[in-house]
Amino acid sequence: MRASQMRASQMRASQTGQRNLDLADTGQGSAAMNKFATSSPTAIAVGLVGLGFVALFFAWNGAAGRDFIQGQFPYLLSGGLVGIGLIASGLTSIVVQNHRRDTQELIAKLDEIADRLSDTSTQTTEDLSPRALRALERTEAV
């Protein structure tokens, strides 16, 4: 990448707040930063699930202190729905992050397979064994 293209890319990234992604692409980011960037969404998602259960507990605890339905209903609406929403958001984030990780692993494996296939397709006849040469000559004769 030329210097002018890199500067333009960094300017666009600073405007959109994605500087860490550009640093990782250019190889300038540290390994610790890359590890944090990949593990932080999962940690945040687990925190959301935990906060959701805490909100559910407080909603249950507040509703348990009231002996009439009109007094329990506000606790169930505010704390219960917020808790369920936080849990659903956290679990959705975990599923999305796992899907992203699996997709990256699959792409890396497919790239490795493509590289190996391109390496074997560029072999010359000098690299082939005598048996493979005879088989190649038979196929060319037909």
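Preceding block: the structure.
Numbering of residues begins from 1 in every chain and follows the order in which that chain's sequence is written. Reporting of local features is limited, given that this is a predicted model, to residues whose pLDDT is at least 70; pairs of side-chain atoms are given and counted only at 80 or more, and all residues count toward the totals for whole chains, interfaces and linings. For the side-chain quantities, the full set of heavy atoms in the structure was used; hydrogens and water were omitted.

## A look at the pattern of salt bridges
Any two side chains of opposite charge can pair, given that their charged atoms come close. Any Lys or Arg side-chain nitrogen found within 4 Å of a carboxyl oxygen on Asp or Glu counts as a salt bridge. In the structure shown here, the tally under the stated rule is 2 salt bridges. In this structure, the salt-bridge partner of Asp102 is Arg101, at a minimum N-O distance of 3.8 Å. Buried means the residue's accessible area, taken with a 1.4 Å probe over protein chains only, is under 20% of the maximum for its type, while exposed means over 50%, and partly exposed covers the values in between. Given a relative accessible area of 42%, Asp102 falls into the partly exposed group. For Arg101, a relative accessible area of 41% translates into the label partly exposed. The partner of Glu105 in a salt bridge is Arg101, with the nearest N and O atoms 3.9 Å apart.

## Overview of the environment of Leu48
Numbering of helices and strands starts at the N terminus; helices are DSSP runs of H or I of at least 4 residues and strands are runs of E of at least 2. As for its placement among the helices and strands, Leu48 is situated in helix α3 (residues 31-64). When the C-alpha atoms of Leu48 and Ser93 are compared, they prove to be 9.3 Å apart, with 45 residues separating the residues in sequence. Throughout, a contact is declared for two residues whenever any of their heavy atoms are within 4.5 Å. If we ignore the near neighbours within four places in the chain, the residues touching Leu48 are Leu86, Ile87, Ser89 and Gly90.

## Some thoughts on the packing of aromatic side chains
Two rings from Phe, Tyr or Trp (for Trp, the six-membered ring) form a pair when their centres sit within 6.5 Å of each other. Planes less than 30 degrees apart are called stacked, planes more than 60 degrees apart edge-to-face, and all others tilted. Applying the stated criterion to the full structure yields 2 aromatic pairs. Ring geometry for Phe57 and Trp60: centres 6.2 Å apart, planes at 40°, overall tilted. Of the two residues, Phe57 and Trp60 are both situated in helix α3; the distance of 3 residues between them amounts to about one turn of the helix. Cluster of aromatic residues (ring-pair linked, three or more members): Phe57, Phe58 and Trp60.

Note that all results are geometric; they support no functional claim without further evidence.
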